[in-house]
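Summary of the model geometry
Here is how the chains run, residue by residue.
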Amino acid sequence: LQPRDAVTVFDLGPDRSGQVAAIIEELRRQARLGSPAREVSIIGRVRAPGTYPLEAGMKVSDLIRAGGRLVEAAYPVEAELTRLSAVGRESRESELVVIDLDAVLRGDPAADIALAPYDVLNVKEMPQWQDLEQVEIAGEVRFPGTYPIRRGERLSSLLRRAGGLSDLAFADGAMFLREDLRQREARQLAELAERLESDVRTAALSQEEDPQVTGARQALLKQVRNTEPTGRLVIDLAGLLAGGEDTDLDVRLQDGDRLLVPMRSPTVTVIGEVQFPTSHLYGAESSLQDYIDKSGGMTAEADSRRVYVVRADGSVEPGGRSPRARNKQSLRPGDTIVVPLDADRISKLSLWTNVTTVIYNIGVAAAAVSSFL
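Keep in mind that this is a model prediction, so the values were computed, not measured.

What follows is about the overall build of the protein chain. Scanning the protein chain for helices and strands turns up 10 helices and 15 strands. When each of the 373 residues of the protein chain is scored for burial, the buried share is 38%. Considering only contacts within the protein chain whose residues lie at least 6 apart along the sequence, 64% involve residues at least 24 apart. Approximately 21200 Å² of the protein chain is accessible, and the part contributed by carbon and sulfur atoms is 50%.

Shown next, in the form of structure tokens:
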């Protein structure tokens, strides 16, 4: 060492920029025509990718050391080095150099080439590499639990590993939950809440709206903010079991997926704008209107034109615009009848109608999920 030297000992974390940022900034201030900034970068599958000072005599192995060395997913055979080279005095172009990474790691000095300013070393990922991924299957299967999955594994394979469905399983009511869909629902709910809040503020400023309508707006906004997304993906489990491994029905699994298989449900549920939202025993001769009547009929705030049915598998079907049409509606065990709020009372904008539909549909899924908790 020499007087005024500074020694930096890195921690094992992935971000070292705070420890080298001041040095890199100083090197860039010293750069001038004919003397480029002495910095190099490493990206890809290393522990601490980033930009580092170009040491005197620095080689590829030294840059890998600065980057915290390779992670488990790194491709150890070769890497790419991108180098900027001046073309005369008028332009600069990039050059791609293939690095024999295996030889560098073995200590071969011929492969461990010297670095130049602005070099970027890219350590690639192992082909088809994946971290351990797991899915959960719960409910009426022989061996419920959490299962590690292979790359590209499908739902039919998971069902075989879980021993298949039990005698009491209700395949039509199976719930398939996916995390990225839940996150998408959360974003959509946040956007809806923001738009609804804007409508509420606009109506409040106008001071011409009926206080009851304003209260309904605020209540609906509160419902949106309190709605928890589920990330349900509609699947046809019964069709998959009946028709074999059809690629259209056989879902490719992802990390964090959950399959919840309930017991048979001999009930039909009625929710929304009815006098007594509740569940009723399924009757083969009972119509959609019969179940609504058993729940006390619709409230004054109900939208009788937009009644719909959420099937046990999560799919949605219209319920008919008139009692006569609803009397012909074919229902099955596990279905949920939704009588929505008449959003036209609040606003003529279709947004409010769409919001009530989102709330009810997510609510149906959330109620089914809660039965497994």
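Moving on from the model shown.
In the structure shown here, the tally under the stated rule is 18 salt bridges. Note that Glu25 and Arg29 form a salt bridge whose closest N and O atoms lie 3.9 Å from each other. Of the two residues, Glu25 and Arg29 are both situated in helix 1 (residues 17-30); the distance of 4 residues between them amounts to about one turn of the helix. Under the relative-accessibility criterion, Arg29 is labelled exposed at 54%. Notably, a salt bridge pairs Glu179 with Arg182, separated by 2.8 Å at the nearest N-O pair. Of the two residues, Glu179 and Arg182 both sit in helix 5 (residues 179-206), 3 residues apart, roughly one turn of that helix. Accessibility expressed as a relative area gives 33% for Glu179, which makes it partly exposed.

This paragraph deals with unusual backbone geometry. With the exception of glycine, the majority of residues adopt a negative phi angle, and the majority of peptide bonds are in the trans configuration. Of note in this structure, Arg69 is not a glycine but carries a positive phi near 75 degrees. Not every positive phi belongs to a glycine, and Tyr118 is a case in point at roughly 70 degrees. Within the element layout of this structure, Tyr118 appears in the loop between helix 3 (101-106) and strand 5 (120-123). For Tyr118, a relative accessible area of 28% puts it in the partly exposed group.

The sheet contact formed by strand 6 (residues 133-139) and strand 7 (residues 145-149) spans 5 bridges and is antiparallel. Bridge pairing in strand 7 links Ile137 to Gly145. Alignment of strand 6 against strand 10 (residues 258-261), held across 4 bridges, turns out to be parallel. Residue pairing in the sheet places Ile137 in a bridge with Leu259 of strand 10.

Okay, the confidence of the model for the protein chain next. Confidence along the protein chain averages 85 in pLDDT terms, with 88% of residues attaining 70 or more. Mean pLDDT in the protein chain bottoms out at helix 9 (residues 323-327), which sits at 69, and peaks at strand 5, which reaches 96.

Counting 26 residues, the largest nonpolar core has Ile42, Leu63, Ile99, Leu115 and Leu121 as its most contacted members. Mapped by element, the contributors of at least two residues to this core are helix 1, strand 1 (39-44), helix 2 (60-66), strand 3 (79-87), strand 4 (91-99), helix 3 and strand 5. Of all the elements, helix 2 adds the most residues to this core, at 4 residues. Apart from the residues within four sequence positions on either side, Ile42 is in contact with Ala48, Pro49, Gly50, Tyr52, Leu63, Ile64, Gly67, Leu121 and Val123. By size, the runner-up hydrophobic cluster in this structure holds 20 residues, among which are Leu159, Ala171, Leu259 and Val261.

Further remarks concern the packing of aromatic side chains. One pass over the full model with this rule turns up 1 aromatic pair. For the ring pair Phe10 and Tyr52, a centre distance of 6.3 Å and an interplane angle of 75 degrees mean the geometry is edge-to-face. Of the two residues, Phe10 is situated in the segment before helix 1 and Tyr52 in strand 2 (residues 50-53); the sequence distance between them amounts to 42 residues. With a relative accessible area of 29%, Phe10 lands in the partly exposed category. By relative accessible area, Tyr52 is classed as buried at 4%.

The 5 strands lie next to each other as 12-11-15-13-14, forming an open sheet whose pairing is mixed. Across the chains shown, the open sheet's two edge strands, defined by having one partner strand only, are strand 12 (278-281) and strand 14 (316-318). On average, adjacent strands in this sheet sit at an angle of 25 degrees to one another, irrespective of strand direction. With 3 bridges joining them, strand 13 (residues 308-310) and strand 15 (residues 336-339) adopt antiparallel strand pairing. For Tyr308, the partnering residue across the bridge sits in strand 15 and is Val338.

So, how was this worked out
Here the residue numbers are simple positions, counted from 1 along each chain's written sequence. Side-chain atom pairs in this predicted model are given and counted only at pLDDT of 80 or more, local residue features only at pLDDT of at least 70, and totals for whole chains, interfaces and linings cover all residues. Hydrogens and waters are ignored; side-chain quantities use all the structure's heavy atoms. Segments assigned H or I by DSSP are reported as helices when at least four residues long, segments assigned E as strands when at least two residues long, and all are numbered from the N terminus. Whether a residue is buried, partly exposed or exposed follows from its accessible area with a 1.4 Å probe, protein chains only, as a fraction of its type maximum: under 20%, in between, or over 50%, in that order. Contacts between residues were defined by any pair of non-hydrogen atoms, one from each residue, lying within 4.5 Å. Residue burial considers only the protein chains on display, and all accessible areas are found by Shrake-Rupley using a 1.4 Å probe. Take a side-chain nitrogen of Lys or Arg and a carboxyl oxygen of Asp or Glu: if they are within 4 Å of each other, that pair is a salt bridge. Pairing between strands is defined by DSSP: at least two bridges between them are needed. pLDDT is defined as a per-residue confidence score from the predictor, taking values between 0 and 100. Side-chain atoms within 4.5 Å link the members of a nonpolar core, which is a set of buried Ala, Val, Leu, Ile, Met, Phe, Trp, Tyr and Cys residues. The aromatic pairing rule takes the rings of Phe, Tyr and Trp, using the six-membered ring of Trp, and pairs them if the centres are within 6.5 Å, calling planes under 30 degrees apart stacked, those over 60 edge-to-face and the rest tilted. Helix axes use the C-alpha atoms of the stretch in contact, all axes being lines fitted to C-alpha atoms, and the angles between their N-to-C directions lie in the range 0 to 180 degrees.

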